[in-house]
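Spelled out from the first residue to the last, the chains are:
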Amino acid sequence: MKQLKKIILASAIMTILNLIHMNSFIIFIPCITTHTSVQAQDFTGLKISGYGTISGSVHDRTDVHPVRDVSQSPENRFKTNFSAVMDSRLGLQAHYRFGSNFDAVVQGVLRDQSYVTFQNSMELAYLAYRPLSWLELRGGRVGYDAFLMSDTRNLGYAYSWVRPPNEFYGWIPIFHIDGADATVRIDNENSQWRLRLQGGKQSFKFALADSEYDAETEELYTVSLSRQSGPITLKTGFSSFSLKNEMDAFVPLIQGLDTIAAATAFPFPDISGEAHYLSDNTSFQGTDIAYLTFGASYDDGEWIAQAEIAHSTADSEILSHGTMGYAALGYRIGDFTPYCIFSAT
């Protein structure tokens, strides 16, 4: 049995690697979104499960190039007015339980990104330890937990919408962090509370005009508090991090502005101050970014309602920041769920 477990676990890992190194995953099903969850196979301590979302999107504008989030490339994905890759996902997870206190989880997700690599396709890879019934400690690559849909952004079958609202989730580039977290769970009569603290770092790439930014974060911290009672879930979170490196395309511009600021400091202080200001607000390196979020959801089996609002800050004007939010309402009619969403930023 132990040998069988090793073979299965090795097979799962190799499958993930093969999925991640595929260049693309395209299945054309016009104008529909469907979600599939593969039944998990349980081999004593080992569980292997998979899931997938197949989606088709039609777009009739030539002046904009829609993306699901900033990790995707805005290059023309709608040359034929149809795209099957923007929301499609394919995932595979291997979960091994060592007794009652330890778990190991590895999860890979194949999805459309500007730059598909092994590193950014491996969504989870952590060890979990539960020293007490109400406390869980995890180390490795864990999910970024600042928002209401943090755990389900890439699980299409876990929500009724085609995608998480773009105006809210589209400009959040972090899906996971490399570090550790601690989770405290408290059952209080008819409600369950969860407090989670996270710390670590993350790197990600995104396209900007004709350049790319290989961002590295440091001092990434998150605290979230959620409460679930019956059909109602409430969650609030705060997250902050700093960008460690500069965008290569902006280095000559920033160096030029710094030179102007130094050369004009004495004879033309106003020009020097303006150059300093432009340099500081054009730079990515050293920029501190923070999110403060509030979210709520309701699901009684028929009616579905969900809303979030967040405020983000950044001490460089070149990076997106401000207030964003959305509200969604849906009603299940058998397997069909009509819904409406209003979102703004």
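Structure's up top.
Attention in this report is confined to the structure presented alongside it.

Conventions we followed
Residues numbered from 1 in each chain as written. Predicted model: local features only at pLDDT ≥ 70, side-chain atom pairs only at ≥ 80, totals over all residues. Heavy atoms only, no water. Helix = DSSP H or I, 4+ residues; strand = E, 2+ residues; numbered from the N terminus. Phe/Tyr/Trp six-rings, centres within 6.5 Å; stacked < 30°, edge-to-face > 60°. Buried < 20%, exposed > 50% of the residue type's maximum accessible area, 1.4 Å probe, protein only. Lys NZ or Arg CZ within 6 Å of the ring centre and 35° of its normal. Patch = residues over 30% accessible without salt bridge, like charges linked within 9 Å, V, L, I, M, F, W, Y side chains within 5 Å. Areas by Shrake-Rupley, 256 points an atom, 1.4 Å probe, with all protein chains shown as cover. Salt bridge = Lys/Arg side-chain N within 4 Å of Asp/Glu carboxyl O. Pairing = 2+ DSSP bridges. Lys, Arg positive; Asp, Glu negative; His and termini not counted. Charge placed at Lys NZ, Arg CZ, Asp CG, Glu CD.

Leave glycine aside and you will find that most residues have negative phi; peptide bonds, for their part, are mostly trans. Unusually for a residue other than glycine, Glu189 sits at a positive phi of about 55°. A positive phi is found at Glu219, a non-glycine position, where the angle reads about 50°. Structurally, the position occupied by Glu219 is in strand β12 (residues 211-229).

One pass over the structure, following the stated rule, counts 14 aromatic pairs. On the basis of an interplanar angle of 25° and a centroid distance of 4.6 Å, the ring pair of Phe102 and Tyr129 is categorised as stacked. Of this pair, Phe102 sits in strand β6 (residues 102-111) while Tyr129 sits in strand β7 (residues 122-132), and the two are 27 residues apart along the sequence. The exposure class assigned to Tyr129 is partly exposed, which follows from its relative accessible area of 32%. For the ring pair Phe241 and Tyr291, a centre distance of 6.5 Å and an interplane angle of 45° mean the geometry is tilted. You can see Phe241 sitting in strand β13 (residues 232-243) and its partner Tyr291 sitting in strand β14 (residues 288-299), a full 50 residues away along the chain. Side by side, Phe241 and Tyr291 carry an identical accessibility label, which is buried. Each member of the aromatic cluster is reached from another via a ring pair, and the members are Tyr144, Phe147, Phe168, Tyr169, Phe241, Tyr291 and Tyr326. Note that Arg111 overlies the ring of Phe175, its terminal NZ or CZ placed 4.2 Å from the centroid.

The next point concerns a nonpolar patch on the surface. A cluster of nonpolar side chains, namely Ile186, Trp193, Leu195, Leu197, Val223, Leu225, Phe238, Leu292, Phe294 and Ile309, defines an oily patch on the protein surface of about 850 Å² accessible area. Elements with a contribution of two residues or more to the nonpolar patch: β10 (191-201), β12 and β14. Ranked by the residues each element gives to the nonpolar patch, the list is headed by β10, at three residues.

As defined by bridge partners, β7 adjoins strand β8 (residues 135-143) across six bridges and the pair is classed as antiparallel. In the sheet register, Leu132 faces β8, and the bridge partner there is Leu135. Pairing analysis gives nine bridges linking β8 to strand β9 (residues 176-188), with the strands arranged antiparallel. Looking across to β9, one finds that Leu135 is bridged to Val184.

Let's shift gears to a negative patch on the surface. Taken together, Asp214, Glu216, Glu218, Glu219, Asp248, Asp288 and Asp315 make up a surface patch of like negative charges. By residue number, the principal contributor to the negative patch is β12, which donates four residues. Relative to the helices and strands, Glu216 is located in strand β12.

Attention now goes to the pattern of salt bridges. In this structure the tally under the stated criterion is 13 salt bridges. Asp103 is paired through a salt bridge with Arg97; the nearest N and O atoms lie 2.9 Å apart. Residue Asp103 is classed as buried on the basis of its relative accessible area of 4%. On the basis of relative accessibility, which here comes to 41%, the residue Arg97 falls in the partly exposed class. Beyond isolated ion pairs, a larger network of salt bridges with shared partners links Arg97, Asp103, Arg130, Glu136 and Arg185.

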